[in-house]
Amino acid sequence: MEASMLEETVQNPNPYPVVADLQYDDVWHLCLQARDLAWDAAQDIDWAELKRETAELPQEVRAAGAEWWSLRAWMEHGATPYGCERLRQAIYEHLPFEIKQHVANFIMEELRHHEASFRIADVLGGYQPTPKSDYFQMVIPRFHVEKEEREMSFYAGMAVNTLFEQLSGELLTARFKNARYGQIRKACELILRDEARHVQFGRILMRRFFEQLSREEKVMLGEKFAKKLRGSLLNGVYAVVNLPRDERKRSARARALAAEHGLGATHPDEEVAIIVQALAQIRADVAPYDVPIPLIEEIEGPDAPKTTLAAE
Ligand SMILES: [Fe+2]
Ligand SMILES: [Fe+2]
């Protein structure tokens with residue numbers, strides 16, 4: 001066994017008390033909803049129908065769709081290591097049962113979003129387990145930087161994460177509207193239903209914990225949010241604005257093509273407008289708690305390009 005693993009074993013020698021008292025009824029309510037609204041990516045989507053209906057699409061379109069849904073799959077998967085760390089933390093810190101249950105549900109749900117996405121990619125033209133572009137190989141792992149997460153308290157960090165869920169929920173709504181194929185629409189709808197619960201969890205955390213944060217912590221939360229948004233999510237994950245020029249061009253074209261054919265994608269220009277609008281909403285949501293979110297220059301500043309394709 002590696003020395004680091006041994007250290008981790010002795011860090012938490014005492015599992016007691018194994019907490020069973022419910023402390024947060026609103027979080028428990030979300031857990032019950034998650035049980036009622038569980039779904040199965042393999043069974044609940046008619047994959048044969050999607051295959052039939054998309055069989056005649058031109059090769060180029062299928063490839064764009066496969067790339068798009070592969071990216072969606074990597075992103076959804078990106079939430080699972082983050083969730084694992086939070087589950088581990090919730091267990092080690094002896095947090096209430098319903099918090100551990102919610103985080104475990106979160107992992108399961110992100111995993112089924114991942115599954116639905118790679119299955120769609122597979123039908124369209126083949127799921128790509130590793131991004132073809134070097135750039136994406138580099139940027140996706142930056143989605144979750146545990147060191148950054150650890151600088152925040154458990155609840156504050158989770159609340160910041162759910163602000164991103166809100167953003168991605170807005171983007172996913174546009175993708176749902178774009179989807180012309182019934183089964184892609186259904187997948188988007190089922191994913192959105194789970195995401196709504198993740199956003200709800202964030203609202204509960206804000207209500208319960210944000211009042212107690214110090215001014216410094218609030219400033220740090222806003223900065224962390226902006227840093228993650230600029231550093232990884234605008235680099236091809238949520239939108240392509242911060243990608244290097246060539247990759248931006250290629251990536252934007254593929255997205256545009258998938259969107260034109262109703263494959264549940266968003267046109268790159270549309271993405272920026274959605275993010276700007278969602279950011280305004282997020283600022284309004286955190287305003288009562290005085291959490292300042294810095295201006296995101298590249299999409300909100302006066303010099304922000306109005307379109308990503310035309311910016312060439
Ligand atoms: Fe998700
Ligand atoms: Fe989520």
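Quick caveat: nothing in here was measured; it's all calculated off a predicted structure. Along each chain, numbering runs from 1 in the same order as the chain's sequence is written. For this description, chains carry letters from A and ligands carry numbers from 1, given in the order in which they are written. Thresholds applied to this predicted model are a pLDDT of at least 70 for local features of residues and 80 or more for the giving and counting of side-chain atom pairs; totals over whole chains, interfaces and linings are not thresholded and use all residues.

### Digging into the overall build of the chain
Working definition: helices are DSSP H or I runs of at least four residues, strands are E runs of at least two. Numbering for both runs from the N terminus. Check the secondary structure of the chain and you find 13 helices and zero strands. Listing the helices and strands of the chain from first to last along the sequence gives α-α-α-α-α-α-α-α-α-α-α-α-α. With 312 residues in all, the chain has 40% of them scored as buried. Note on contacts: each residue gets a C-beta atom placed from the backbone, and two residues are in contact if those atoms are within 7 Å. Contacts in the chain between residues far apart in sequence, at least 24 positions, make up 80% of those at least 6 positions apart. Buried, partly exposed and exposed are defined by the number of other C-beta atoms within 10 Å of a residue's own C-beta, namely 20 or more, between the two limits, and 12 or fewer respectively, with C-beta atoms placed from the backbone.

### Some thoughts on the packing of helix α8 (residues 154-178) against helix α12 (residues 268-286)
Whenever a helix is involved, its axis is fitted only over the stretch in contact; in every case the axis is a line through C-alpha atoms, and angles between N-to-C directions fall within 0 to 180 degrees. Relative orientation of the contacting elements α8 and α12 amounts to 140°, with a least axis distance of 9 Å. Comparing the axis directions of α8 and α12 gives the class oblique. Helix-helix and strand crossings are classified by hand; for α8 and α12 the assignment is right-handed. On the side of α8, the interface is formed by Leu163, Gln166, Leu167, Glu170, Leu171 and Ala174, while α12 contributes Glu270, Glu271, Ile274, Ile275, Ala278 and Ile282. Across the contact of α8 with α12, the residue classes tally to eight nonpolar, one polar and three charged. Should an angle lie under 35 degrees it is considered roughly parallel, over 145 roughly antiparallel, and from 65 to 115 roughly perpendicular; all remaining angles are considered oblique. For any helix crossing, the convention is left-handed if the near helix is rotated counterclockwise from the far helix by under a right angle, and right-handed if that rotation is clockwise. Just so you know the grouping, Ala, Val, Leu, Ile, Met, Phe, Trp, Tyr, Cys and Pro go in nonpolar, Asp, Glu, Lys and Arg go in charged, and all remaining residues, Gly too, go in polar.

### Brief notes about the packing of helix α5 (residues 97-124) against helix α9 (residues 182-209)
Where α5 meets α9, the axes come as close as 10 Å, and the angle between the chain directions of the two elements is 160°. One element, α5, and the other, α9, form an angle in the roughly antiparallel class. The two elements α5 and α9 cross, and the hand of that crossing is left-handed. Listed contacts from α9 to His102, Phe106, Glu109, His113, Ala116 and Ile120 of α5 are Ile184, Ala187, Ile191, Asp194, His198 and Phe201. Across the contact of α5 with α9, the residue classes tally to seven nonpolar, three polar and two charged.

### With respect to the environment of leucine 192
With respect to the helices, strands and loops of the structure, leucine 192 is situated in helix α9. In this structure leucine 192 comes out as partly exposed when scored by C-beta crowding, with 16 C-beta atoms within 10 Å. Remark: the alpha-carbon pair of leucine 192 and glutamate 170, spanning 22 residues in sequence, is separated by 9.2 Å. Those residues within four positions of leucine 192 in sequence are excluded, and the remaining contacts are Gly169, Leu172, Thr173 and Phe176.

### Section: the nonpolar core
Membership of the largest hydrophobic core comes to 35 residues, with the highest contact counts inside it found for Trp68, Ile120, Ile184, Ala187 and Ala258. Elements represented by at least two residues in this core include exactly α4 (59-92), α5, α6 (134-139), α9 and α11 (245-260). Element by element, the count of residues in this core is highest for α4, at eight residues. When residues no more than four places from it in sequence are discounted, the contact partners of alanine 187 are Ile45, Ala116 and Ile120. Buried Ala, Val, Leu, Ile, Met, Phe, Trp, Tyr and Cys residues whose C-beta atoms connect them within 7 Å together make up a nonpolar core. Among the nonpolar cores identified, the runner-up in size contains 29 residues, and Leu163, Phe201, Ile204 and Leu213 belong to it.

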